[in-house]
Amino acid sequence: MGNYNYSNNNNYNNTNVAGVNDLTPFLRQLSPGTRVRLQYDSQPPATGVFQGFQNGFVLLDNFNGFPGLTRLLPRRINAVAPFATSGRYSDDDFMEDFED
């Protein structure tokens, strides 16, 4: 058998999440069914329901009102914030934090 050196600078991920960035570890801590508001690429912030990872993509349900599953590359997500719709804050109150 050869001497294998696995210590290199590549970011390998044993759960097959494509394009690991700083938000991937945070996203892994979310439970499926968590409501999130995220900013993707240069798009305005949008809401969705986090469903987990599949084949390197982040799965979101009800993303900006779209009734099916949406698949996003984790490396293209710029910001993410979980939130609950119950309580004293509404979606509109939360959105004010993202507006200028």
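Rules used throughout
Residues numbered from 1 in each chain as written. Predicted model: local features only at pLDDT ≥ 70, side-chain atom pairs only at ≥ 80, totals over all residues. Heavy atoms only, no water. Pairing = 2+ DSSP bridges. Helix = DSSP H or I, 4+ residues; strand = E, 2+ residues; numbered from the N terminus. Axes fitted to C-alpha atoms, helices over the stretch in contact; angles between N-to-C directions. Core = buried A, V, L, I, M, F, W, Y, C linked by side-chain atoms within 4.5 Å. Buried < 20%, exposed > 50% of the residue type's maximum accessible area, 1.4 Å probe, protein only. Contact = heavy atoms within 4.5 Å. Phe/Tyr/Trp six-rings, centres within 6.5 Å; stacked < 30°, edge-to-face > 60°.

Participant: I'd like to hear about the sheet that holds strand E4 (residues 69-72), residue by residue, with values.
Facilitator: Judged by pairing direction, the sheet is antiparallel, and its 5 strands sit side by side in the order E4-E3-E2-E1-E5 without closing on themselves. In this open sheet, the two edge strands, each paired with only one partner strand, are E4 and strand E5 (77-82). For this sheet, the mean angle separating the axes of adjacent strands, direction not counted, is 45°. Note that strand E3 (residues 57-61) and E4 share 4 bridges and pair antiparallel. Bridging across to E4, Leu60 finds its partner in Thr70.

Participant: Quick one: what's the story with the nonpolar core, residue by residue and with numbers?
Facilitator: Ranked by size, the top nonpolar core spans 14 residues in total, and within it Val36, Leu38, Leu60, Leu72 and Ile77 carry the most contacts. Elements that contribute at least two residues to this core include exactly strand E1 (34-40), strand E2 (46-54), E3 and E5. Not counting the four nearest positions on each side in its chain, Leu60 is found in contact with Val36, Leu38, Val49, Phe50, Gly68, Leu69, Thr70 and Leu72.

Participant: Tell me about unusual backbone geometry, and please be specific about residues and values.
Facilitator: Phi at Asn55 takes a positive value of approximately 50°, unusual for a residue other than glycine. Along the chain, Asn55 turns up in the loop between E2 and E3.

Participant: Tell me about the packing of aromatic side chains, and please be specific about residues and values.
Facilitator: Evaluated as defined, the whole model comprises 1 aromatic pair. Taking the centre distance of 5.9 Å and the plane angle of 80° together, the rings of Phe50 and Phe53 count as edge-to-face. Take Phe50: its relative accessible area is 3%, and that puts it in the buried class. Assessed through its relative accessible area of 27%, Phe53 is described here as partly exposed.

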